[in-house]
Amino acid sequence: MVSPPCVSSSIGDMKLVILLLTCSLMVASGANFYRDFEITWGDNRAQILNNAKLLTLTLDKDSGSGFKSKNEFLFGKIDMQIKLVPGNSAGTVTAYYLKSEGTTWDEIDFEFLGNLSGDPYTIHTNVFTQGKGNREQQFHLWFDPTKDFHTYSILWNPQHIIFYVDDIPIRIFKNFESKGVPFPNKQPMKIYSSLWNADNWATRGGLIKIDWSNAPFTAAYRNFMARACVIWSGVSSCASQSLSLPSMSWMAQELNSTNLEKLSWVQQNFMIYNYCADPYRFPDGLAPECGFA
Ligand SMILES: *[C@@H]1O[C@H](CO)[C@@H](O)[C@H](O)[C@H]1NC(C)=O
């Protein structure tokens, strides 16, 4: 367990808030995978390299691998650059998500479903609130995500959750708590990622299996950046937020008209599945938020 060096327990509340704000700024400065993450499974299949600037996960026949953040967050703009498994990645899934604890957990998911060489990756997204998901949207991409690193971001503030790819919004989940839809705004979440064998469902619904002759499969991570409220001993760095701080502007960030156009460009051209457009799966009615603007 590594403690942020900037917190001491004897200080008064107000000072703690300010110090914690400083801590969240520190999280933002310069990626260091040793400082910010721990390997959770897969032994040496997960590796931190290049002065802790690079992390790689691998999957072989015996096991996948994964990591999680040391810090817990409650709201933030969290960026990670990922280069996905190249070549024939069919049957592999690289999951990258935020998740809280317990049986009524909240979760914000990116999952990258591999494919045969030349066939497109699928980005699968989901939002769980109070332990309930079933809010999948899936997309293809406008580039090959295995050739280079690309930035996958989650903007999570009290108004909405926005998924971005290279700063282009692909999905927005708005806070409709006032209309009875639970929104993740109370439970702190950690960041998780894993590379694993999901060939029972991932590629063309499980039709295409992993070709182990291509193993080990590798995904790479770099330039992690969290502008986020870090929860430390139950206290949020946002307890008394100052939105005028430049580091906090994401807390009030909305989509402007340019970004709304980008979002609809993605949704019209690259969305391949939308839970809000699947009455066959939900014969008793679509999720209520599907009917709200
Ligand atoms: C794989 O490629 C097929 C054919 O283009 C496509 O329908 C599918 O969405 C792709 N992704 C996955 C995960 O199956």
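In what follows, the structure referred to is the one given above.
Residues numbered from 1 in each chain as written. Predicted model: local features only at pLDDT ≥ 70, side-chain atom pairs only at ≥ 80, totals over all residues. Heavy atoms only, no water.

K.L.:
Hey, could you run me through the site of the ligand in this one?
P.N.:
The immediate surroundings of the ligand are formed by Leu 113, Gly 114, Asn 115, Asp 119, Pro 120, Thr 122, His 140, Ala 202, Thr 203 and Arg 204. Here Pro 120 contributes a backbone N or O atom positioned 3.3 Å from a nitrogen atom of the ligand. The contact in question runs from a nitrogen atom of the ligand to an N or O atom on the side chain of Thr 122, over 2.9 Å. A breakdown of the residues in the shell around the ligand according to their chemical character gives 3 nonpolar, 5 polar and 2 charged. (Near = heavy atom within 4 Å. Polar contact = N/O pair within 3.5 Å; in protein donor to acceptor, adjacent residues only side chain to side chain. Nonpolar A, V, L, I, M, F, W, Y, C, P; charged D, E, K, R; others polar.)

K.L.:
Sorry, what's going on with the sheet that holds strand 8 (residues 122-128) here?
P.N.:
Strands belonging to one sheet form pairs held by backbone hydrogen bonds; the direction of such a pair is parallel or antiparallel. Spatially, the 8 strands line up as an open sheet ordered 1-4-13-6-7-8-9-16, and their pairing is antiparallel. Edge strands, defined here as strands with exactly one partner in the open sheet, are strand 1 (37-41) and strand 16 (271-274). Adjacent strand axes in the sheet meet at a mean angle of 15° when their direction is disregarded. Where strand 8 lies against strand 9 (residues 137-139), 3 bridges are found, and the strand directions are antiparallel. (Pairing = 2+ DSSP bridges. Helix = DSSP H or I, 4+ residues; strand = E, 2+ residues; numbered from the N terminus. Axes fitted to C-alpha atoms, helices over the stretch in contact; angles between N-to-C directions.)

K.L.:
Help me out: how do you make sense of the side chain of Gln 138 in this one?
P.N.:
Within the fold, Gln 138 resides in strand 9. You can call Gln 138 buried: its relative accessible area is 18%. Only 2.9 Å separates the side chain of Gln 138 from the side chain of His 124, close enough to count as a polar contact. Not counting chain neighbours up to four residues away, the residues in contact with Gln 138 comprise Leu 113, Thr 122, Ile 123, His 124, Phe 270, Met 271, Ile 272 and Tyr 273. (Buried < 20%, exposed > 50% of the residue type's maximum accessible area, 1.4 Å probe, protein only. Contact = heavy atoms within 4.5 Å.)

K.L.:
Help me understand the layout of surface pockets, please; the structure alone is not making it clear to me.
P.N.:
Remark: the empty space left among the atoms is shown by a probe the size of a water molecule rolled over them. Taken as a whole, the largest pocket holds about 330 Å³ of empty space. Residue lining of the largest pocket: 16 residues in total, with Gln 137, Ile 172, Lys 174, Glu 289 and Phe 292 positioned closest to the centre. Here the lining of the largest pocket gets 4 residues from one element, more than from any other, and that element is strand 12 (residues 168-174). A class-by-class count of the residues in the lining of the largest pocket yields 10 nonpolar, 3 polar and 3 charged. (1 Å grid on protein atoms, 1.4 Å probe; cavity = no way out; pocket = protein on both sides within 12 Å on 5 of 7 lines; lining within 4 Å. Points joined across faces, edges and corners; volume = space filled by probe spheres on them.)

K.L.:
Any chance you could explain the state of the cysteines here in plain terms?
P.N.:
Think of a disulfide as a covalent bridge from one cysteine sulfur atom to another cysteine sulfur atom. Counted according to the given criterion, the structure contains 1 disulfide. Each sulfur in the disulfide pair Cys 276 and Cys 290 lies 2.0 Å from the other. Where Cys 276 bonds to Cys 290 through sulfur, the torsion about that S-S bond is close to -75°, and the disulfide is left-handed. In this pair, Cys 276 sits in the segment after strand 16 while Cys 290 sits in the segment after strand 16, placing the two residues 14 residues apart along the sequence. With relative accessibility at 24%, the residue Cys 276 sits in the partly exposed group. (Disulfide = S-S within 2.5 Å.)

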